[in-house]
Amino acid sequence: MSQIQPMGVDEAAQSAAVPLGVQQLPTRVRGRRLPGLPLWLRLLLHNPKSCIGLIVLGGMLVVAIFAPLIATHDPTAYSLLDAKQAPSLHHFFGTTDQGTDVFSQVILGTRNSLFLGAAAATLATVLAASLGILAAYVFLVIPTIPLLIVASAYLRNRGATSMILILGLTLWAFEARILRGQALTLRNRDFILAAKVAGEPTWRIVLFELMPNMISRIAAAFVLVFYVSILTAAGLEFLGLGDLSSQSWGVTLYWAQVNSTVLQGEWWPFLFPGLFLALTVVALVLILAGLDEVSNPRLRKTRRQRGMLAGLLFGHGRGR
């Protein structure tokens, strides 16, 4: 069925539950098909929200990869002669009370913050995909934030590995709920029932039937936990519960609030790490919104109808 044809309530409900592996591409996307890419990824690359998010996130990744080349100063070098300087051509983001360069701290902190968030999201996604699809329901009632604070406070070693393990082993729970609900909607579909009738073992049905039809949902869950991990890690570091000897956005914010920079009229140690953190989270949220539209045909249909309505209102004929 074409995406621009009217759809009844029953048909829409059935279409929403159809895995992306068996859905048809919208007419606009079929005309510009990208060879060799899965359906959900082709739809994602044609979604304006996700494209904006991917561009911003790609920029952050470039900064993280080339951080040592982009940084202009040693982020740990103290210079009382350069203390409390506002943003200038010599110090793009200004300096702290100790004279350290905020620009270099933010740039080098980009690599650590993204790595920590991605590693924790990967661990949480693996656990959630395994246990969520198998309908495990372990530790799902434990409050995450209090557990994170207590665990971080009692750890002697608060390095990157400890933070990744803490975040990954606690944030998988709500992601598992999402994947469990998706798996429950798919387990009674014809291709799953056919596999059961054929005598396929449960592990093979999960790995080769369920998971391939949940790739877009697993990707969305990864993006969700990615930005939650970045925000949570920054929050823990801001509270002084992270590795304060490392460079990250949360650590930069921690030292800014410890030194009461805002009260002294120094706004730049807060603004720039917070801005980078906010841009990264917004980019991931836009990618997540695009993945939601990819996973739900009704959202794609609604977006197309809005485009057609805008075209009629502004005299462009049919919406693109």
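Owing to the predicted nature of the structure, the values given are computational and were not obtained by experimental measurement.

Parameters and conventions
- Residues numbered from 1 in each chain as written.
- Predicted model: local features only at pLDDT ≥ 70, side-chain atom pairs only at ≥ 80, totals over all residues.
- Heavy atoms only, no water.
- Helix = DSSP H or I, 4+ residues; strand = E, 2+ residues; numbered from the N terminus.
- Buried < 20%, exposed > 50% of the residue type's maximum accessible area, 1.4 Å probe, protein only.
- Contact = heavy atoms within 4.5 Å.
- Expected span 1.5 Å × (residues − 1).
- Bend = angle between axes of the 7 residues up to and from the residue.
- Patch = residues over 30% accessible without salt bridge, like charges linked within 9 Å, V, L, I, M, F, W, Y side chains within 5 Å.
- Areas by Shrake-Rupley, 256 points an atom, 1.4 Å probe, with all protein chains shown as cover.
- Salt bridge = Lys/Arg side-chain N within 4 Å of Asp/Glu carboxyl O.
- Lys, Arg positive; Asp, Glu negative; His and termini not counted.
- Phe/Tyr/Trp six-rings, centres within 6.5 Å; stacked < 30°, edge-to-face > 60°.
- Axes fitted to C-alpha atoms, helices over the stretch in contact; angles between N-to-C directions.
- Left-handed = near helix turned anticlockwise from the far one by under 90°.
- Nonpolar A, V, L, I, M, F, W, Y, C, P; charged D, E, K, R; others polar.
- pLDDT = per-residue confidence, 0-100.

Engineer: What's the story with the overall build of the protein chain in this structure? I'm lost.
Structural biologist: Regarding its fold elements, the protein chain presents 14 helices and 0 strands. Taken from the N to the C terminus, the helices and strands of the protein chain come in the order α-α-α-α-α-α-α-α-α-α-α-α-α-α. Burial analysis of the protein chain (320 residues in total) assigns 44% to the buried set. Long-range contacts, defined here as pairs at least 24 residues apart, represent 68% of the contacts in the protein chain between residues at least 6 apart.

Engineer: I would appreciate a short explanation of the environment of Ala 195 in the present structure.
Structural biologist: Along the chain, Ala 195 falls in helix H9 (residues 190–197). When the C-alpha positions of Ala 195 and Glu 209 are compared, they lie 8.2 Å apart, and in sequence the two are 14 residues distant. The residues contacting Ala 195, other than those within four sequence positions of it, are Glu 200, Ile 205 and Glu 209.

Engineer: Explain helix H8 (residues 160–186) to me, please; I cannot follow it from the model alone.
Structural biologist: Given 3.6 residues per helical turn, the α-helix brings residues three or four places apart onto the same face. Look at H8: 37 Å from first C-alpha to last across 27 residues, which is about the 39 Å you get at 1.5 Å a residue. The largest bend in H8 amounts to roughly 35° and is located at Ala 173.

Engineer: Would you explain unusual backbone geometry in this entry?
Structural biologist: Apart from glycine, the bulk of residues carry a negative phi angle, and the bulk of peptide bonds sit in the trans form. The phi torsion at Lys 84 lies on the positive side, around 60°, for a residue other than glycine. With respect to the element layout, Lys 84 can be found in the loop between helix H5 (67–70) and helix H6 (102–133). A relative accessible area of 43% means that Lys 84 is categorised as partly exposed. The residue Ser 260 is not glycine, and still its phi comes out positive at about 50°. For Ser 260, the location among the structural elements is in the loop between helix H12 (249–258) and helix H13 (268–295).

Engineer: Teacher, can you tell me more about a nonpolar patch on the surface here?
Structural biologist: Together, Leu 61, Val 62, Ile 65, Phe 66, Leu 69 and Ile 70 make up an exposed nonpolar region whose accessible area comes to about 570 Å². Elements with a minimum of two residues in the nonpolar patch: helix H4 (48–65) and H5. Examining the composition of the nonpolar patch, we find that 3 residues originate from one element, H4, more than from any other. Looking at the element boundaries, Leu 61 is found in helix H4.

Engineer: Any chance you could explain the side chain of Glu 266 here in plain terms?
Structural biologist: Assignment of secondary structure puts Glu 266 in the loop between H12 and H13. Although buried, Glu 266 forms no salt bridge, and the nearest oppositely charged side chain, Lys 84, lies 4.2 Å from it. Among residues more than four places away in sequence, those in contact with Glu 266 are Lys 84, Thr 95, Asp 97 and Thr 261.

Engineer: Would you explain the environment of Gly 58 in this entry?
Structural biologist: With respect to the element layout, Gly 58 can be found in helix H4. Gly 58 gets classed as partly exposed once you look at its relative accessible area, which sits at 25%. A C-alpha to C-alpha distance of 9.7 Å links Gly 58 and Thr 280, two positions 222 residues apart in sequence.

Engineer: Before we go on, may I ask you to explain the packing of aromatic side chains in this structure?
Structural biologist: Aromatic ring pairs: the centre-centre distance and the angle between the two ring planes describe each pair. Across all of its chains, the model carries 9 aromatic pairs by this definition. With a centroid separation of 5.8 Å and an interplanar angle of 45°, the aromatic rings of Phe 222 and Phe 226 are classed as tilted. In this pair, Phe 222 and Phe 226 are both assigned in helix H11 (residues 215–238), 4 residues apart and thus about one turn of the helix distant. On the basis of relative accessible area, Phe 222 is assigned to the partly exposed category, the value being 25%. Accessibility expressed as a relative area gives 8% for Phe 226, which makes it buried. Ring geometry for Trp 267 and Phe 272: centres 6.2 Å apart, planes at 45°, overall tilted. Overall, Trp 267 belongs to the partly exposed group, its relative accessible area being 45%. Ring pairs connect the aromatic residues Phe 92, Phe 93, Phe 103, Trp 249, Trp 267, Trp 268, Phe 272 and Phe 276, which therefore count as one cluster.

Engineer: Just checking my understanding: could you explain the packing of H8 against H11 for this structure?
Structural biologist: When two helices pack together, their arrangement is given by the angle between the helix axes and the distance between those axes. Contact pair H8 / H11: the axes reach a minimum separation of 10 Å and the direction vectors enclose 145°. As for how H8 packs across H11, the hand of that crossing is right-handed. Along the contact surface, H8 presents Met 163, Leu 167, Leu 171, Phe 174, Glu 175, Ile 178, Leu 179 and Gln 182, while H11 presents Arg 217, Ile 218, Ala 221, Phe 222, Leu 224, Val 225, Val 228, Ser 229, Thr 232, Ala 233 and Leu 236. Classifying every residue of the contact of H8 with H11 gives 14 nonpolar, 3 polar and 2 charged.

Engineer: Quick question: what am I supposed to make of the confidence of the model for the protein chain here?
Structural biologist: Parts of the prediction with low pLDDT should not have their coordinates interpreted in detail. Taken over all residues, the pLDDT of the protein chain has a mean of 76, while the share at 70 or more is 75%. Counting contacts from residues 1–31, a segment whose pLDDT is below 50, to residues more than four positions away or on other chains yields 59 contacts. Ignoring residues within four places in sequence, the model shows residues 136–141, a span with pLDDT below 50, making 9 contacts including any to other chains.

Engineer: Where do I start with the environment of Gly 99 in this structure?
Structural biologist: Here Gly 99 lies in the loop between H5 and H6. On the basis of relative accessible area, Gly 99 is assigned to the buried category, the value being 6%. Beyond its immediate sequence surroundings of up to four residues, Gly 99 is in contact with Ala 77, Ser 79, Asp 82 and Ala 83.

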